[in-house]
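Notes for the structure review
What follows is each chain in one-letter form.
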Amino acid sequence: MNGASRIVAVLGPTNTGKTHYAIERMLGHRTGVIGLPLRLLAREVYDKIVAIRGPSVVALVTGEERIVPPRTQYWVCTVEAMPEGMGTDFVAIDEIQLCADPERGHVFTDRLLRMRGTHETLFLGADTMRGPIAALVPQAQFARRERMSQLVYTGSKKISRMPPRSAIVGFSVENVYAIAELLRRQKGGAAVVMGALSPRTRNAQVGLYQNGEVDYLVATDAIGMGLNLDVNHVAFSSLSKFDGRRMRPLAPNELAQIAGRAGRGMSDGTFGVTGEASPLDEGVAQAIMDSRFTPMKKLNWRNAALRFGSVDALIDSLEASPDNEHLVKARPADDLNALKSLAQVPEVAARASDGPSIRLLWDVCRIPDFRGISHAEHASLLESIFGHLHERGTIPEDFLARQIRRIDRTDGDIDALSKRLAYIRTWTYVAQRNGWVRDESHWRAETRAVEDRVSDALHECLTQRFVDRRTSVLLRRLKQKEALLAEVNDKGEVTVEGEFVGRLEGFRFIPDKSAQGTEAKALKSASLQALAPQFHLRADRFYNAPDTEIDFTDQGGLMWGEYAVGKLVAGAEPLKPMVEVFVDEAAGPEVEQKVQRRLQHFIDRKIAALFEPLLNLSRDEELTGLAKGFAFRMVEALGILPRAGVAQEVKDLDQDARGALRKHGIRFGQFTIFMPLLLKPAPTRLRLVLWALANGLQEFPEAPPPGLVTVPVAKGAPEGYDTMCGYRNAGERSIRIDMLERLADMLRAEDSRGGFEAKADMLSITGMTLEQFADLMQGLGYKAERGERTKIKPAQPTEQPPAATAEAPTETAEAEAQSDVAVAAEAPTEATDSTEAEAEATAADPASDEPEVEVFYTFTWGRQANRGPRGDQRQGRSKPGGKPRDGRGKPQGKKGGKPQGAKTFSSRPPKKEKAIDPDNPFAAALMGLKDGN
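Residues numbered from 1 in each chain as written. Predicted model: local features only at pLDDT ≥ 70, side-chain atom pairs only at ≥ 80, totals over all residues. Heavy atoms only, no water.

**Points about the overall build of the protein chain**
Formally: Under the DSSP-based scheme used, a helix requires at least four consecutive residues in state H or I and a strand at least two consecutive residues in state E, with every element numbered from the N terminus. Every residue pair with non-hydrogen atoms within 4.5 Å of one another is taken to be in contact. Note on areas: Shrake-Rupley with a 1.4 Å probe; residue coverage comes only from the protein chains shown.
In terms of helices and strands, the protein chain carries 31 helices and 34 strands. For the protein chain, long-range pairs separated by at least 24 residues make up 69% of all intrachain contacts whose partners lie at least 6 apart in sequence. Put simply, the protein chain shows about 46300 Å² of open surface, and 50% of that area lies on carbon and sulfur atoms.

As structure tokens, this is what we get:
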């Protein structure tokens with residue numbers, strides 16, 4: 001333990017510049033070596049020294065990385081990889097308090113006891129090591145360094161209220177990922193730093209944090225080991241960790257080591273807890289702030305004087321106990337456990353039969369278990385490697401190539417990439433060992449290249465999962481109060497500072513749906529601020545757009561192209577609706593007013609064009625008295641009035657008044673009073689919307705398809721819907737009111753009291769079958785009686801006898817004409833093409849003697865629709881007690897009586913007739929019949 005060099009223990013809390021001091025001291029010597037606790041920290045120090053002295057004189061040696069220039073003067077290593085027996089001028093061991101670590105402590109203790117520089121040796125660490133160092137290295141001098149800034153405890157904070165430039169510490173991969181995911185949603189993202197990451201991935205992640213792309217860092221306790229970051233606040237998400245064997249609470253000095261990362265240089269820092277971690281005890285918090293901790297008593301130790309006479313001798317030497325009260329035997333490490341496992345394998349025991357073989361076995365057992373799958377899996381891999389090395393002297397290249405090829409993939413999620421990174425670290429370590437592979441430079445480059453590819457893929461995957469670049473960019477720009485640049489393409493997609501943030505639909509911004517919670521609020525806030533100029537440009541373009549680009553929907557919406565920009569609301573009058581616009585508040589009142597004016601102009605012009613006859617009627621000052629009042633009713637009813645509802649008003653109108661109203665296109669029909677021009681599809685569609693608005697309907701019914709004479713009755717439709725559509729309900733179907741009036745004109749010529757049958761013209765204008773027409777007539781107030789009769793076949797032309805000559809054509813032509821007249825008189829007027837075809841078919845078949853039967857309906861006026869089911873009144877027989885029917889089903893008198901329609905006399909006094917109902921739409925026709933009789 002004695003040495004001639006100057007030995008100094010530089011002790012103190014974090015942020016005292018100890019590592020920086022050691023680098024300066026080393027560069028003051030001709031040669032030197034510094035041991036650091038982490039591969040990540042070693043890489044950071046290596047980069048600093050290279051920046052000062054250049055890469056030609058600086059070496060980096062870790063378990064998985066070896067950069068050794070020919071003229072190396074300064075060695076930067078992990079503590080485990082520090083070369084021994086080099087006799088450098090300077091030696092430094094950082095984080096010397098790790099001598100007490102259960103896993104790695106024995107390595108640091110060994111360097112404390114045996115590693116010396118020929119001129120100077122520095123031990124850097126916590127002040128709790130003063131006692132053990134003084135006892136074990138009596139010649140050591142002590143230098144106390146004070147923290148350059150204050151560290152203040154701030155208690156517990158929610159992650160959502162975490163201040164920027166914070167590091168949140170977790171003690172498991174799952175915990176780190178969960179916190180990072182939460183920060184992504186609420187704060188735009190976080191960088192992730194863990195000891196298992198490669199230096200390349202770690203540096204890329206730290207770069208995200210250092211350059212301000214994210215304001216938060218989520219890390220394991222790896223950041224406590226000298227990593228220099230611009231952290232203002234450290235928050236613990238847990239106060240306990242798994243140490244490889246059990247969950248245990250962190251000691252105050254361990255908490256201080258991590259919390260001390262807050263505040264760099266002269267900047268003060270804060271620390272606290274978050275998540276499920278309970279607040280720190282007041283005494284513990286104060287101890288961390290004052291850097292007062294219980295001094296260490298015991299350091300972990302393992303014998304360095306190993307015996308390689310046999311495997312058992314090696315194990316015994318490794319398990320030897322220390323003879324110093326300040327040292328305690330370290331618990332079995334992974335390398336010792338692997339050695340014990342392999343010693344039980346007969347083949348391995350047979351190979352390890354001499355000193356060189358046992359040394360080789362021990363070197364193989366010291367390969368770290370980077371994969372962490374299981375102890376048995378790791379031992380099996382080591383057995384395979386030892387077998388190749390013992391048998392061939394090197395690992396076969398085809399075997400090594402297969403192992404690396406399986407790992408050289410960049411697909412998969414974070415877990416898959418992390419596993420591959422752990423696997424390649426094993427082969428990187430193997431390739432770094434001298435003499436284990438034939439072409440060392442090739443395999444070191446190959447494994448390094450694979451590690452770099454997997455590291456880059458892992459960094460990209462971590463960034464995609466835990467960093468929302470667009471939100472972080474927008475939040476940073478907002479915080480810096482910079483003007484944001486927004487762009488909107490022809491599809492309405494909005495990008496702010498090049499990041500897609502959502503869509504602009506009309507004058508409403510729709511944020512990207514993948515954003516949620518606080519992230520969505522931040523995104524919308526930043527986007528609306530950037531979109532302010534775009535709203536004004538869009539409003540100007542909309543105001544100058546032609547009416548052809550704007551339309552209304554059947555539900556009262558107002559569309560600009562494919563986007564809704566407003567909706568119609570009820571006004572003081574049905575023909576004067578108002579407009580409610582869909583404009584984001586952030587667009588400002590000027591944009592809102594401009595959009596509102598443009599939409600109001602559109603709907604006013606649309607009503608003026610489609611309802612011009614109705615508006616002219618309302619503005620006609622020549623109308624007076626009853627005509628003016630009736631015009632008001634027509635305007636109020638949007639141009640269609642059922643006659644039954646205004647029968648008295650119509651009756652009160654004189655001929656002059658009717659004439660004045662007819663000049664405006666009003667038609668006084670028997671069922672409806674209407675303006676034919678307003679029955680076209682476009683006015684009908686708008687009329688339904690205006691009517692629905694005026695009646696306060698929640699759901700607007702749609703107009704029937706244009707061009708149809710009849711449509712099925714809309715079940716559950718609001719009262720008056722059929723009238724506003726320009727139809728009248730009649731049975732199961734509704735008929736267009738203008739066609740209904742044409743039908744009424746035809747019916748007026750029929751004997752509605754004695755009964756009549758449907759004519760072909762009636763079926764033609766309605767486009768119905770006879771069954772459908774019967775249902776329609778019942779809906780209009782008629783009775784329809786179904787009957788059947790023998791169908792009279794048309795007479796076949798008589799074949800010309802051979803003796804006939806051209807001298808007597810007139811007689812034959814006259815006979816044929818008389819026959820045609822007779823057939824026409826007997827044939828039913830409602831015969832269809834199908835019945836005619838059947839008749840021809842029957843005539844063509846001489847063997848068919850059965851008479852054909854056809855169905856017919858007899859319609860008579862009834863004051864109300866039939867009460868019973870339609871089937872009860874459509875039997876093939878007359879009603880009981882009714883008049884008998886003739887061969888064609890026509891009503892006829894009593895047997896032997898005169899045919900129906902002939903004048904009859906009776907001795908009984910005439911029966912008093914019922915008064916004709918004036919509300920009957922055929923009252924005039926009935927009065928005419930009465931007078932005619």
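**Topic: the sheet that holds strand β27 (residues 640-642)**
Applied cut-off: Pairing between two strands is assigned when DSSP locates at least 2 bridges connecting them. Angles shown run from 0 to 180 degrees and are taken between the N-to-C directions of axes, each axis being a line fitted to C-alpha atoms and, for helices, limited to the stretch in contact.
Reading across the sheet, the three strands line up as β27-β29-β28 and stay open at both edges, with antiparallel pairing between neighbours. Two strands in the sheet have a free side with no partner beyond their single neighbour: β27 and β28 (667-668). Looking at chain direction, β28 and strand β29 (residues 672-674) are connected through two bridges and run antiparallel. Of the residues in β29, the one forming a bridge with phenylalanine 668 is isoleucine 673. Set on the sheet, helix α21 (residues 625-636) makes contact with β27, β28 and β29; between it and β27 the angle comes to about 105 degrees. In the packing of helix α26 (residues 737-747) onto the sheet, contacts are made with β27, β28 and β29, and the angle to β29 comes to roughly 130 degrees.

**Some details on helix α20 (residues 612-619)**
The criterion, for reference: We call a residue buried when its accessible area falls under 20% of the maximum for its residue type, exposed when it is over 50%, and partly exposed in between, using a 1.4 Å probe and counting protein chains only.
Of all the positions in α20, only Pro613, Leu614, Leu615 and Leu617 are classed as buried. Contacts from the buried residues of α20 go to α19 (589-610), α21 and α23 (655-662).

**A word on the sheet that holds strand β2 (residues 32-36)**
An order of β4-β3-β5-β2-β6-β7-β1-β8 is seen for the eight strands of this open sheet, with the pairing classed as mixed. Where the open sheet ends on each side, the last strands, each with one partner, are β4 (66-67) and β8 (141-144). For strand β3 (residues 58-61) and β4, the ladder comprises two bridges, and the chain directions are antiparallel. From the neighbouring strand, leucine 60 faces β4, where its bridge partner is isoleucine 67.

**Describing the pattern of salt bridges**
Just so we agree on the cut-off: The term salt bridge refers to a side-chain nitrogen of Lys or Arg lying within 4 Å of a carboxyl oxygen of Asp or Glu.
Enumeration over the complete set of coordinates arrives at 54 salt bridges. Two residues, aspartate 456 and arginine 200, come together in a salt bridge whose shortest N-O distance is 2.7 Å. Highlighted residues: aspartate 456 in helix α16 (residues 440-466) and arginine 200 in helix α6 (residues 199-210), separated in sequence by 256 residues. Note on aspartate 456: relative accessible area 37%, which makes it partly exposed. Here lysine 567 and glutamate 580 are joined by a salt bridge, their closest N and O atoms 4.0 Å apart. One end of the pair, lysine 567, is in strand β25 (residues 563-569); the other, glutamate 580, is in strand β26 (residues 578-581), with 13 residues separating them in the sequence.

**Focus: the side chain of arginine 43**
Test applied: Polar contacts here mean pairs of N or O atoms no more than 3.5 Å apart (in protein, one a potential hydrogen donor and the other a potential acceptor; neighbouring residues in sequence count only if both atoms are side-chain atoms).
The residue arginine 43 is located in helix α2 (residues 39-53) in this model. In this structure arginine 43 comes out as buried when scored by relative accessible area, which is 17%. Looking at arginine 43, its side chain comes within polar contact range of the side chain of glutamate 65, at 2.4 Å. When sequence neighbours within four positions are dropped, the list of residues in contact with arginine 43 reads Leu60, Glu65, Ile67, Pro199, Asn203 and Arg448.

**Topic: the environment of valine 467**
Mapped onto the elements, valine 467 comes out in the loop between α16 and α17 (469-479). Note on valine 467: relative accessible area 6%, which makes it buried. In the structure, valine 467 is positioned 286 residues away from glutamate 181 in sequence and 8.4 Å away in space, judged by C-alpha atoms. If we ignore the near neighbours within four places in the chain, the residues touching valine 467 are Arg184, Gly188, Gly189, Ala190, Leu208, Val214 and Leu462.

**What to know about the packing of aromatic side chains**
The cut-off we apply is this: Here a pair means two rings of Phe, Tyr or Trp (six-membered ring of Trp) with centres within 6.5 Å. Their orientation is stacked below 30 degrees between planes, edge-to-face above 60, and tilted elsewhere.
One pass over the structure, following the stated rule, counts 13 aromatic pairs. Summarising the aromatic geometry, the rings of tyrosine 153 and phenylalanine 271 are spaced 5.3 Å apart at their centres and angled 45 degrees between planes, so their arrangement reads as tilted. Placement of tyrosine 153 in strand β9 (residues 151-156) and of phenylalanine 271 in strand β16 (residues 269-273) is noted, with a sequence separation of 118 residues between them. Take tyrosine 153 and phenylalanine 271: they sit in the same class, and that class is buried. Here phenylalanine 507 and tryptophan 560 contribute two aromatic rings whose centre-to-centre distance is 5.9 Å and whose plane-to-plane angle is 15 degrees, an arrangement assigned as stacked. One end of the pair, phenylalanine 507, is in the loop between β21 (499-505) and β22 (508-511); the other, tryptophan 560, is in strand β24 (residues 557-560), with 53 residues separating them in the sequence.

**Here we look at the pairing of β2**
By the criterion of burial, β2 is predominantly enclosed, with five of the five residues buried. By the alternation rule, side chains of β2 split into Gly32, Ile34 and Leu36 and Val33 and Gly35, which are all buried. When β2 meets strand β5 (residues 74-78), the two strands line up parallel, connected through five bridges. If you follow leucine 36 over to β5, its bridge partner there is threonine 78. The pairing of β2 with strand β6 (residues 90-93) spans four bridges and is classified as parallel. Following the sheet pairing, glycine 35 is matched in β6 by isoleucine 93.

**Overview of the environment of arginine 200**
Accessibility expressed as a relative area gives 40% for arginine 200, which makes it partly exposed. Not counting chain neighbours up to four residues away, the residues in contact with arginine 200 comprise Asp452, Ser455 and Asp456. At 2.7 Å, the side chain of arginine 200 and the side chain of aspartate 456 are in polar contact.

**Details of the pairing of β3**
Alternating residues of β3 divide into Val58 and Leu60 and Ala59 and Val61, and every residue in both groups is buried. A loop of four residues connects β3 with β4, the two strands running antiparallel in sequence.

**Section: the confidence of the model for the protein chain**
Should the pLDDT be low somewhere, the predicted coordinates at that spot are not to be read in detail. Heads up, the rule is: The score called pLDDT rates the predictor's confidence residue by residue, from a low of 0 to a high of 100.
On average, residues of the protein chain score 83 in pLDDT, and 82% of them reach the 70 mark or higher. Element-level mean pLDDT values for the protein chain span from 35 in helix α29 (residues 809-826) up to 97 in β6. Taken together, the stretch residues 928-933 has pLDDT below 50 and engages in three contacts with residues farther than four places along the chain or on a different chain.

**A look at α21**
For clarity, the cut-off: What a helix should span is 1.5 Å times the count of its residues minus one. This arc describes the spread of directions from the helix axis toward the C-beta atoms.
In this model α21 runs 17 Å from its N-terminal to its C-terminal C-alpha over 12 residues, within 8% of the 16 Å that 1.5 Å per residue would give. Of all the residues in α21, the buried ones are Ala627, Phe630, Ala631, Met634 and Val635. The buried residues of α21 all sit within an arc of 145 degrees when viewed along its axis, so they share a single face. When the buried face of α21 is taken as reference, the exposed residues oriented beyond 90 degrees from it are Gly625, Leu626 and Phe632. Looking at the buried residues of α21, the elements they touch are α20, β27, α22 (647-652), α23, β28 and β29. Following α21 by one or two positions, leucine 638 adopts a phi angle in the positive range, close to 60 degrees.

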